[in-house]
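Residue-level listing of the chains:
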Amino acid sequence: MLCKSGVLRRNGVLGISLACAMLLAACTIGSVGVSDPASPAPTASATTLPPFSHVFVIVLENEGADAILGNAAAPYINSLAAQYGVALRAYAITHPSLPNYIALTSGGTANFEGTDCSVDASVCHVSGNQTNIADEIEASGRTWAAYMESMPQPCGLDNTDLYAVRHNPFVYYDDIRDGSNDRCATHDLPYNVGRFQQALMSGSVPDFVWITPNLCNDGHDACGGDPIAHSDAWLQQNVPPVLASAAFQHNGVLFITWDEGSDSAACCGLASGGGRVATLVISPLGKSMYQSSQPYSHYSLLRTIEDSWRLGELNNTNPATQPGTNAMDDFFTSP
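Predicted model, so just to flag it, every value in this text is computed and none were measured.

1. So, the state of the cysteines
(1) Moving on: For the structure on display, the rule yields four disulfides.
(2) Moving on: One disulfide in the model links Cys216 with Cys223; its S-S distance is 2.0 Å. Disulfide Cys216 to Cys223: torsion about the S-S bond roughly -90 degrees, handedness left-handed.
(3) Moving on: Residue classification places Cys223 among the partly exposed positions, given a relative accessible area of 35%.

See the structure below:
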């Protein structure tokens, strides 16, 4: 097996063994620098992204790339990384969790750096005049929903034992939380596995789907075991139905990323960041067994969705505002 930055080619993609997946991931980490924020980002250029039919985003918690890639406690995650695409130099924006979730959905942190504050309409919120990804999606005529595991009711604003409001960015936006026609309650929903999988099978899943696992399944809490193993087991149960759906197979894409890493490493013109995180890009439109050594941030992931759907570019996803932010074009074949 050849190990280098770029495309890895090997026979038997679908039949990849766990041992080979582990070896591939371990080889990856050895061949690419763990953090090299000083390295220049590639020059921004016109997108060559294909138009995605559906977009799925799953965000996990509090693990740097080194803790995930090549870890025997995460066999399913590493099998996905070996079979599809993995960004070897992807970085979170800051610490702690909340500003990264806001960055992934608005292209900025709304000055939440350093805080995981709960929703407060006078203190901790995002003003209604600040556009977010949901606004862009609706303006384009597409549909969206965000699913929060263990949230007791739609648009939940209060923490429970397993549901953390800080991992639900959509309720922080005034124009969603206080929107007309029960906008929040009809779009920000508890993650019910049976209902969601039924929507996948029936073809009624929204165009954009965000999923936040609960605190035991997103890798945040140990919950009586290895948190990485918990998140890996959750993905193994919940990702295959997505990959088997028509929404995914007919030109869909699934992004799996982590909110923040273990240090302040950054890329893409940002002076500091949230550390290097694993980011998987899974799509029938994507390159198989692909490892990208291009530097990307959470802003890059959002820009990739925006550019594919021609939505515009919010805040730091716009290269005129943040020149180092580039769409993740290299993962996909040209349209």
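Read on, since the account is not over.
2. Things to note about the pattern of salt bridges
(1) Moving on: Counted under the stated rule, the structure contains nine salt bridges.
(2) Moving on: Where Asp135 meets Arg183, a salt bridge forms, and the shortest distance between an N and an O atom there is 2.8 Å. Here Asp135, found in helix α5 (residues 133–139), pairs with Arg183, found in helix α7 (residues 183–187); they are 48 residues apart in sequence, far enough to count as distant.
(3) Moving on: A relative accessible area of 15% places Asp135 in the buried class.
(4) Moving on: The partner of Asp175 in a salt bridge is Arg183, with the nearest N and O atoms 3.5 Å apart.
(5) Moving on: Overall, the relative accessible area of 11% leaves Arg183 in the buried class.
(6) Moving on: Within the structure, one salt-bridge network assembled from shared partners comprises Asp135, Glu138, Asp175 and Arg183.

3. Describing the packing of helix α3 (residues 75–83) against helix α9 (residues 227–244)
(1) Moving on: α9 packs onto α3 with a crossing angle of 45 degrees between their chain directions and a minimal axis gap of 8 Å. When the interaxial angle is binned, α3 and α9 end up oblique. Contacts from Pro75, Tyr76, Ile77 and Leu80 of α3 reach α9 at Ser231, Asp232, Leu235, Gln236, Val239, Pro240 and Leu243.
(2) Moving on: Here the residues of the contact of α3 with α9 are counted per class, giving eight nonpolar, two polar and one charged.

4. A few points about the nonpolar core
(1) Moving on: Residues Val55, Phe170, Tyr172, Phe208, Trp210 and Ile305 are the most contacted members of the largest nonpolar core, which totals 49 residues.
(2) Moving on: With residues up to four places along the chain from it excluded, the contact list for Val55 reads Asp207, Phe208, Val209, Val253, Phe255, Ile305 and Trp309.

5. Regarding helix α8 (residues 193–202)
For the α-helix, the turn length of 3.6 residues means that residues three or four positions removed from each other point alike.
(1) Moving on: The set of residues buried in α8 consists of Phe196, Ala199 and Leu200. Around the axis of α8, the buried residues are gathered within 100 degrees of arc, so they sit on the same side. Exposed residues pointing more than 90 degrees away from the buried face of α8 are listed as Arg195 and Met201.

Conventions adopted
- Residues numbered from 1 in each chain as written.
- Predicted model: local features only at pLDDT ≥ 70, side-chain atom pairs only at ≥ 80, totals over all residues.
- Heavy atoms only, no water.
- Disulfide = S-S within 2.5 Å.
- Buried < 20%, exposed > 50% of the residue type's maximum accessible area, 1.4 Å probe, protein only.
- Salt bridge = Lys/Arg side-chain N within 4 Å of Asp/Glu carboxyl O.
- Helix = DSSP H or I, 4+ residues; strand = E, 2+ residues; numbered from the N terminus.
- Axes fitted to C-alpha atoms, helices over the stretch in contact; angles between N-to-C directions.
- Parallel < 35°, antiparallel > 145°, perpendicular 65-115°, else oblique.
- Contact = heavy atoms within 4.5 Å.
- Nonpolar A, V, L, I, M, F, W, Y, C, P; charged D, E, K, R; others polar.
- Core = buried A, V, L, I, M, F, W, Y, C linked by side-chain atoms within 4.5 Å.
- Arc of directions from axis to C-beta.

Keep in mind these numbers describe shape, not what the thing actually does.
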